[in-house]
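Residues per chain are reported as follows:
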Amino acid sequence: MSGDREARPLLQLGAPSPGGLRLPDAKASAGTLYAPRGVAFLPGGGLAVSDTGNHRVLVWRTLPSDDHTPADLVLGQPDFRAETAQANGHGPANGMHLPCGITVLDGRLFVCDAWNHRVLIWNEVPRSSSVAPDAILGQPDVDSVERNRGAAISARGLDCPYGLARVDGDLVVADTQNRRVLAWDGVPEGDAPAARVIGQDAFDRGEENRGRGVGPDTFRWPHAIVGAGGDLVVADAGNHRLVGWSAGRDRAGEADLLVGQTDFASAFEMPHVAQGPERLRFPYGLAADDDRLVVADTANNRVLVFPRQLPERGARAVSVLGQANFDAAGENRWDEIAPDSLCWPYGLALEGDLLAVADSGNNRVVVWRLPSSS
């Protein structure tokens, strides 16, 4: 890395592209991915990917050195060839339906099993395939999969949770279709009611933008979440923005950090025109460390890097991945798939100078090396 200040792709996981505009093969195998939406680095250097379209999680125990290396194990399916939701009699107890957000906290693996309306918890990252989760958050038992537990919206139920993170020691989940973010005290061992709600004024509410329009305390589609340095930042994808609460701020109240819009009352979208370093269009992914905030600006087919310390308004990205400049937004730069092009990037994971991108529209994960933040 000495003297190299450019981000560059190091590794591609998923089947090789046949060239031109054709996508990589997505048929389920140990080496293919279909519209992945979540990615996480594992303790010891491995990688876990929510292979969303195949309703499973793939695990590489160590980070591969070669492109297109097959995964070591699969969760949510009985084998590497199965690909349907609750496949082959697996059922919800050991199956998945569109898994998305994924992370590891204190050695425990957490997966947002979005369309089963729950979070799956393994007490350690499994070492073999088809291991059932040890606990479930959001449902009363392993066989239940109804949104909001088949009842009214509450502190216990979920409706399509897409993202999760730890913030100030607490588990925080983007409960996307309930248009809210839920927080637990600490990290729960299993099913438990949330302690706090953000984006709604009560646990039994779930209206888009609180039913009164976009504002500093509302969400349309909250997706990814990050917390660093005491801040909480949420990718409010449907409102084309990030909203954040700086350290010490009451998160039940109004956000004070805003990226992608000029004010908290706006949800402006600019499709297929010059975006610049300030605008966002359906941002679905976030990652952060002490020095930078990385955003999957999904519908602009790019990843933006911002300084970690955000101004309250008018944050400008300092670099862009996947496009030649800040004014471009085309899928794969309106050209054939390349190692450094992107098509609908979703989940992100940041570990040191390595950034993993779930390049969903290209059916792959790309690991980039970023310039050292130091």
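Residues numbered from 1 in each chain as written. Predicted model: local features only at pLDDT ≥ 70, side-chain atom pairs only at ≥ 80, totals over all residues. Heavy atoms only, no water.

Undergrad: Tell me what's going on with the overall build of the protein chain, and back it up with residues and numbers.
TA: Of the regular secondary structure elements, the protein chain holds one helix and 24 strands. Taking 21 Å as the expected radius of gyration for a compact globule of 374 residues, we find that the protein chain reaches 19 Å, a close match to that expectation. The 374 residues of the protein chain split such that 59% are buried. Sequence separation of at least 24 residues holds for 46% of the intrachain contacts in the protein chain that already meet a minimum separation of 6. When the accessible surface of the protein chain is split by element, carbon and sulfur atoms take 47% of a total near 14000 Å². (Helix = DSSP H or I, 4+ residues; strand = E, 2+ residues; numbered from the N terminus. Rg over C-alpha atoms; globule rule 2.2 N^0.38 Å. Buried < 20%, exposed > 50% of the residue type's maximum accessible area, 1.4 Å probe, protein only. Contact = heavy atoms within 4.5 Å. Areas by Shrake-Rupley, 256 points an atom, 1.4 Å probe, with all protein chains shown as cover.)

Undergrad: Would you mind going over the environment of Phe80 in detail, with residue names and values included?
TA: By secondary structure assignment, the location of Phe80 is in the loop between strand 5 (73-75) and helix 1 (91-94). Given the relative accessible area of 21%, Phe80 is considered partly exposed. Sequence separation of Phe80 and Val243 is 163 residues, and the distance between their C-alpha atoms is 39 Å. Ignoring sequence-local partners within four residues, the contact set of Phe80 consists of Ala28, Ser29, Ala30, Arg56, Leu58, Ala71, Asp72, Leu73 and Val74.

Undergrad: Residues and numbers for the pairing of strand 24 (residues 364-369), please.
TA: Counting buried positions along strand 24 yields five of six residues, so the element is predominantly enclosed. The hairpin turn running from strand 23 (residues 354-359) into strand 24, its antiparallel successor, is four residues long, and Asn363 in that turn takes a positive phi close to 55°. (Pairing = 2+ DSSP bridges.)

Undergrad: Explain the packing of aromatic side chains to me, and be specific about the residues and the numbers.
TA: Within this structure, the stated rule accounts for four aromatic pairs. On the basis of an interplanar angle of 65° and a centroid distance of 6.2 Å, the ring pair of Phe219 and Trp245 is categorised as edge-to-face. Of this pair, Phe219 sits in the loop between strand 13 (196-198) and strand 14 (222-228) while Trp245 sits in strand 16 (residues 241-245), and the two are 26 residues apart along the sequence. Pair check on accessibility: Phe219 and Trp245 agree, each one buried. With a centroid separation of 4.6 Å and an interplanar angle of 10°, the aromatic rings of Tyr284 and Tyr346 are classed as stacked. With Tyr284 in strand 18 (residues 283-288) and Tyr346 in strand 22 (residues 345-351), this pair connects stretches of sequence that are 62 residues apart. Following the ring pairs from residue to residue traces out a cluster consisting of Trp221, Phe282, Tyr284 and Tyr346. (Phe/Tyr/Trp six-rings, centres within 6.5 Å; stacked < 30°, edge-to-face > 60°.)

Undergrad: Which residues make up the pattern of salt bridges, and what values go with them?
TA: Tallying each qualifying case throughout the model produces 28 salt bridges. In the salt-bridge network here, residues are joined through shared partners; they are Arg149, Arg156 and Asp191. (Salt bridge = Lys/Arg side-chain N within 4 Å of Asp/Glu carboxyl O.)

Undergrad: Summarise the sheet that holds strand 1 (residues 8-13); cite the residues concerned and give the values.
TA: With antiparallel pairing, the four strands of this open sheet are ordered in space as 1-24-23-22. The open sheet terminates on both sides in strands that have one partner only, identified here as strand 1 and strand 22. Across the sheet, the mean angle separating the axes of adjacent strands is 20° when strand polarity is ignored. Across six bridges, strand 23 lies against strand 24 in antiparallel orientation. Looking at strand 24, one finds that Asp359 is bridged to Arg364. (Axes fitted to C-alpha atoms, helices over the stretch in contact; angles between N-to-C directions.)

Undergrad: Account for the state of the cysteines, naming residues and giving values.
TA: A complete count under the given rule lists zero disulfides for this structure. Here Cys343 is not cross-linked by a disulfide; its sulfur's nearest cysteine counterpart is in Cys100, at 17 Å. Take Cys343: its relative accessible area is 8%, and that puts it in the buried class. (Disulfide = S-S within 2.5 Å.)

Undergrad: I'd love a proper account of the pairing of strand 8 (residues 118-122), names of residues and values included.
TA: Counted residue by residue, strand 8 has five buried out of five residues, so it is predominantly covered. Residues Arg118, Leu120 and Trp122 of strand 8 are buried on one face, and the alternating residues Val119 and Ile121, pointing to the opposite face, are buried as well. Relative to strand 8, strand 7 (residues 108-113) runs antiparallel, the two sharing five bridges. Within the sheet, the bridge partner assigned to Cys112 lies in strand 8 and is Val119. Linking two consecutive strands that pair antiparallel, namely strand 7 and strand 8, is a turn of four residues; a positive phi of about 60° is found at His117 within it. Relative to strand 9 (residues 135-137), strand 8 is paired through three bridges, and the arrangement is antiparallel. The residue bridging Ile121 from the neighbouring strand is Ala135, located in strand 9.

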